[in-house]
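These are the residues of each chain, in order.
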Amino acid sequence: MDRLKLTYFDFAGGRAEPARLALHIGGIAFEDYRFAPSDFPEVRKTTPLNQVPTLHVNAVQVTQSDAISRYAGKLAGLYPEDAFQALLCDEVMGALEDLNIKLGATFGLSGDELKNARGALVSDVLPTYLRWLETQLENHGGMYFADNRLTVADLKAFTLLRWLCSGKLDHIPVDLVDAVAPKLTTYVQRVGSLPEIAQYYARLGAA
Ligand SMILES: N[C@@H](CCC(=O)N[C@@H](CS)C(=O)NCC(=O)O)C(=O)O
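Residues numbered from 1 in each chain as written. Predicted model: local features only at pLDDT ≥ 70, side-chain atom pairs only at ≥ 80, totals over all residues. Heavy atoms only, no water.

## Overview of helix H9 (residues 195–204)
Along H9, the positions that sit buried rather than exposed are Ile 197, Tyr 200 and Tyr 201. In an axial view of H9, the angular spread of the buried residues amounts to 90°, which keeps them on one side of the axis. Among the exposed residues of H9, those pointing more than 90 degrees away from its buried face are Gln 199, Ala 202 and Arg 203. Its buried side turned inward, H9 meets helix H1 (17–26), strand S2 (31–35), helix H6 (152–164) and helix H8 (182–193). In the segment just after H9, Gly 205 is the residue with positive phi, at about 70°. (Buried < 20%, exposed > 50% of the residue type's maximum accessible area, 1.4 Å probe, protein only. Helix = DSSP H or I, 4+ residues; strand = E, 2+ residues; numbered from the N terminus. Arc of directions from axis to C-beta. Contact = heavy atoms within 4.5 Å.)

## So, the site of the ligand
If you check the shell around the ligand, you find Tyr 8, Phe 9, Arg 15, Phe 40, Arg 44, Gln 51, Val 52, Pro 53, Gln 64, Ser 65 and Glu 97 and nothing else. At 2.9 Å from an oxygen atom of the ligand is found a side-chain nitrogen or oxygen belonging to Gln 51. Between the ligand and Ser 65, the relevant distance is 2.7 Å, taken from an oxygen atom to a side-chain nitrogen or oxygen of the residue. Contact with the protein chains removes 70% of the 500 Å² of surface that the ligand exposes when unbound. (Near = heavy atom within 4 Å. Polar contact = N/O pair within 3.5 Å; in protein donor to acceptor, adjacent residues only side chain to side chain. Areas by Shrake-Rupley, 256 points an atom, 1.4 Å probe, with all protein chains shown as cover.)

## Side note on the pattern of salt bridges
With the rule as written, the count across this model stands at eleven salt bridges. With its nearest N and O atoms 3.3 Å apart, the salt bridge here joins Asp 10 to Arg 34. Here Asp 10 is found in the loop between strand S1 (4–9) and H1, whereas its partner Arg 34 is found in strand S2, with 24 residues between them in sequence. We classify Asp 10 as partly exposed; its relative accessible area is 47%. Classification of Arg 34 by relative accessible area gives partly exposed; the value is 21%. Between Asp 90 and Arg 70 there is a salt bridge, and its shortest N-O distance comes to 3.1 Å. In this pair, Asp 90 sits in helix H4 (residues 83–104) while Arg 70 sits in helix H3 (residues 65–76), placing the two residues 20 residues apart along the sequence. One network of salt bridges, in which partners are shared, links Asp 10, Glu 17, Arg 20, Asp 32 and Arg 34. (Salt bridge = Lys/Arg side-chain N within 4 Å of Asp/Glu carboxyl O.)

That's the geometry; what it means functionally is another story.
Here you go:
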C-alpha cells in the first residue's frame with residue numbers, strides 16, 4: 001500500500017479539493033496535510049515548484065493538481081476507463097483549470113484594478129465558460145460531465161462552481177452562475193447532496 005500525503009491550504013476548496021474528495025469517496029487512506037495561509041511561505045520552500053498542491057506517493061513528491069486529481073480518481077474508481085470518456089473528463093478539467101488561472105490572476109489586485117479585472121471576467125470570460133460547461137453537461141446526459149457517472153471532472157466542477165457562488169469573491173455576483181447557466185446551479189446542488197459528499201462536509205463542519 002503506497003503512503004499518500006496531500007499538502008494544501010486548510011480550506012474546503014481550491015486545487016486540492018477534487019483529490020481530497022476523490023480519495024475520501026474511494027475510501028483511500030491518505031494524510032490530508034492542511035496548513036494555514038500564513039504558513040505558506042515556509043511550506044512552499046518544501047515543494048519542487050514553490051506551489052501547492054503536492055502529493056507525496058511514498059517518498060516521491062508530485063506537483064500539478066489535475067495530474068494529482070486524475071491519479072486520485074483512478075485509485076478511487078472516479079476516472080473513466082474508456083479513452084473517449086477520459087478525454088471528455090480531461091477536457092472539462094482543463095477548461096476549469098483555465099478558469100482557475102484567470103481568477104487567480106485577479107488575486108493580489110485591489111481597489112479599481114480588482115473591480116475592473118473581475119468585472120471583465122463577469123461580463124465576458126465567465127459567461128462563455130459557464131455556458132460551455134452547461135452545454136457539455138447537457139450533451140453528456142445532463143447528470144455528469146463524462147461517463148454517465150461521478151468522475152473527478154465533477155469533483156472539480158463542483159468545487160469551482162461552489163466557490164464562484166459563495167460570495168467570497170468580491171465583484172463576482174453570487175447569482176452569476178444561476179443567471180447565465182441555471183442548469184449548473186441544479187447540478188451543484190445535486191452533486192453537493194450526494195451522501196458521500198454531503199457527509200464529508202458535514203463532518204468537516206465546512207458547508
Ligand atoms: N499548475 C499548478 C498551479 C499550482 C498553483 O498555482 N497553486 C497556487 C495555490 S492554489 C500556488 O501555489 N501559488 C503560488 C505561486 O504560484 O507562486 C497546479 O495545477 O497544481
